[in-house]
Structures are given as C-alpha cells and as structure tokens.
Amino acid sequence: VNVTAIPSVASSVSASPSSICAGGSSSLSGSCSVGTLSWYSDAGLTTTLPSNIVSPSTTTTYYGVCVSGTCKSTGSSVTVNVSAIPSLVVPTATSKSNVCPVITVDVTSLQPAAVSGITYEWHTVSTNPSASNLVTTPSTAPSGTYYLYGKSTGGCYSAASSAVTATVNNCVPCSPVDPGTASA
C-alpha cells in the first residue's frame, strides 16, 4: 500500500501587482516544498485556473494549493484588488490663452466640477500618463498641448481628454506717457 502524505500549505503566496486597474492583469506566485503549485478561483478548491496570470474585473481572492498525486494541501489565499477606471473627463474648452500681463495659462480653469474620489491631472501625452509627462504646475502652464485625465484613489487613469491648446500671447508693456506731450 502506497501512502502519499498531504503536501504542506503553499508558502510565499503573492500577487504582483496586488492592486490593478480594471482590464489589467496580475501574476500569482508561491512555492511548494512538495508537489506542484496550482491555482484555484474558489475556496472549495474545485475550479482550477488555466494560468497564474489573472485579469479579474472585480476584487477577487485566489487560492494557491500544493498538489502531489491526488493529494492537495489546504489553500493559501491571496487577493487581487481591482480599481475602476474613471470616466472620461471633458474640459470646459479646448483652448485657452493668457491674459496680459500674465505670461502663462491657467489650464486648471478648464477642469469640470470636482468628482468625489477623482483627482485631475494634466499631462503632455494622450496615452500612458506618468510622472515624466505630468504638468506639475498647470495653473501656470506655458504654451503647449495638454490632456486632462481623471485619476482614481486606486491610481487608475481615465482615457485622455481631447487636446487642449494653451497659447501664450506676447504682452507688450505700455510705454510711459510723457505728461508734457499728452494731448487733452
């Protein structure tokens, strides 16, 4: 009679990243001292995942199990948190110019009303917003093309708005008037 010991519980179970935006994916990992690591989508350990790469649409818990022959360990759980992608943000206009004597443009004045849980960010690109293309002072932006994004508390970005053109017009200083030559 062959007796197979029940494998130890999977260790170092993790998801990378553990938080994703809807439509994103996460890689599940862990290790087994005996047997092979398998992933399940239910606590009853009846539905095996086809891969360790998951793309849940809502926050989901997965179970890593060490399998040796027909024996399974108990499941070690890991949760992948899913944040919704914010709705498209529509600026109130697609162009803005400075008002002299100011030589910058306040593009924040084109933002719609605030939405709970969403912050607005201006970027210089229409895809893949990041810190490297963030407009750090949108209230004093130079001439250029900018895109408005909504960013959730989970770090998820909306699609880019339509392009917004900021134009800085030259501000010609007024010449002082000589009171002796001024006409009445």
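Everything quoted here is computed from the prediction, not taken from an experiment. (Residues numbered from 1 in each chain as written. Predicted model: local features only at pLDDT ≥ 70, side-chain atom pairs only at ≥ 80, totals over all residues. Heavy atoms only, no water.)

Here we look at the overall build of the chain
For the record, the criterion: Numbering of helices and strands starts at the N terminus; helices are DSSP runs of H or I of at least 4 residues and strands are runs of E of at least 2. Between the two quantities, the radius of gyration covers C-alpha atoms and the globule rule is 2.2 Å times the number of residues to the power 0.38. For every residue, the accessible area obtained with a 1.4 Å probe (protein chains only) is divided by the maximum for its type, and the residue is called buried under 20%, exposed over 50%, and partly exposed between those limits. We call two residues in contact when some of their heavy atoms are within 4.5 Å.
Summing up its helical and strand segments, the chain has zero helices and 12 strands in all. In sequence order, the secondary structure elements of the chain are arranged as β-β-β-β-β-β-β-β-β-β-β-β. Its C-alpha atoms give the chain a radius of gyration of 28 Å, more than 25% over the compact-globule value 16 Å for 184 residues. Referenced to the eigenvectors of the C-alpha coordinate spread, the extents of the chain come out at roughly 120 × 25 × 20 Å. Out of the 184 residues belonging to the chain, those deemed buried represent 29%. Put simply, 57% of the contacts in the chain that link residues at least 6 apart link residues at least 24 apart.

Focus on the side chain of Asn-98
This is how it is decided: Pairs of N or O atoms are called polar contacts if they sit within 3.5 Å, as long as, within protein, a hydrogen donor faces a hydrogen acceptor (for residues adjacent in sequence, only side-chain-to-side-chain pairs).
Its place among the elements puts Asn-98 in the loop between strand 9 (95–97) and strand 10 (118–123). For Asn-98, a relative accessible area of 8% translates into the label buried. In terms of polar contacts, Asn-98 uses its side chain to reach the backbone amide nitrogen of Asn-169, at 2.6 Å. Every residue in contact with Asn-98, bar those within four places of it in the chain, is listed here: Ile-103, Thr-104, Val-105, Thr-167, Val-168, Asn-169 and Cys-171.

Overview of the confidence of the model for the chain
Keep this limit in mind: One confidence number per residue, pLDDT, is output by the predictor and ranges from 0 to 100.
Averaged over all residues, the pLDDT of the chain equals 92, while 93% of them reach at least 70. Least confident of the elements in the chain is strand 7 (residues 71–72), whose mean pLDDT is 90; most confident is strand 5 (residues 53–54), at 98.

Re the environment of Ser-16
As for its placement among the helices and strands, Ser-16 is situated in strand 1 (residues 11–16). Along the primary structure Ser-16 and Ile-53 are separated by 37 residues, whereas in three dimensions their C-alpha atoms are 9.5 Å apart. Excluding residues that lie within four positions of it along the chain, Ser-16 makes contacts with Ser-26 and Ser-27.

Considerations on the nonpolar core
We count it as follows: The term nonpolar core refers to a set of buried residues drawn from Ala, Val, Leu, Ile, Met, Phe, Trp, Tyr and Cys, joined through side-chain atoms within 4.5 Å.
Counting residues in hydrophobic clusters, the biggest one holds 12 residues: Val-89, Val-105, Val-107, Leu-110, Tyr-120, Trp-122, Val-135, Ala-141, Tyr-146, Leu-148, Val-164 and Ala-166. Residue assignment for this core shows that the elements contributing at least two residues are strand 10, strand 11 (144–152) and strand 12 (164–167). If sequence neighbours within four positions are ignored, Val-107 has contacts with Trp-122, Pro-138, Tyr-146 and Ala-166. In terms of nonpolar packing, the next biggest core, distinct from the first, is built from 10 residues, Leu-28, Val-54, Val-80 and Val-82 among them.

As for the pattern of salt bridges
The criterion, for reference: Whenever Lys or Arg places a side-chain nitrogen within 4 Å of a carboxyl oxygen from Asp or Glu, that contact is recorded as a salt bridge.
Using the criterion set out here, one finds one salt bridge in the structure. Between Lys-151 and Glu-121 there is a salt bridge, with the nearest N and O atoms lying 3.6 Å from each other. With a gap of 30 residues between them, Lys-151 in strand 11 and Glu-121 in strand 10 connect regions that are remote in the sequence.

So, the packing of aromatic side chains
Put simply, the rule is: Side-chain rings of Phe, Tyr and Trp (the six-membered ring for Trp) are treated as a pair once their centres are within 6.5 Å; stacked means planes under 30 degrees apart, edge-to-face means over 60, and tilted covers the remaining angles.
Under the definition given, this model contains one aromatic pair. When the ring of Tyr-149 is compared with that of Tyr-157, the centres are 5.9 Å apart and the planes differ by 80 degrees; the resulting orientation is edge-to-face.

What about the state of the cysteines?
What counts is decided by this rule: The term disulfide is used for any two cysteine sulfur atoms that are within 2.5 Å.
Within the structure shown, the criterion is met by three disulfides. The side chain of Cys-21 participates in a disulfide bridge whose partner is Cys-156; the two sulfur atoms lie 2.1 Å from each other. One disulfide, between Cys-21 and Cys-156, carries an S-S torsion of -105 degrees and so falls in the left-handed class. In this pair, Cys-21 sits in strand 2 (residues 19–21) while Cys-156 sits in the loop between strand 11 and strand 12, placing the two residues 135 residues apart along the sequence. Judged by relative accessible area, Cys-21 falls into the partly exposed class, the value being 26%. Across a sulfur-sulfur distance of 2.1 Å, Cys-32 and Cys-66 are joined as a disulfide pair.

Considerations on the sheet that holds strand 1
Remark on secondary structure: sheet strands pair via backbone hydrogen bonds, oriented parallel or antiparallel. Applied cut-off: Paired strands are those between which DSSP finds at least two bridges.
On the basis of which strands lie adjacent, the open sheet formed by three strands has the order 1-3-5 and antiparallel pairing. For this open sheet the edge positions go to strand 1 and strand 5, each flanked by a neighbour on one side alone. Relative to strand 5, strand 3 (residues 26–31) is paired through two bridges, and the arrangement is antiparallel. Across the sheet, the residue bridging to Ser-26 is Val-54, located in strand 5.

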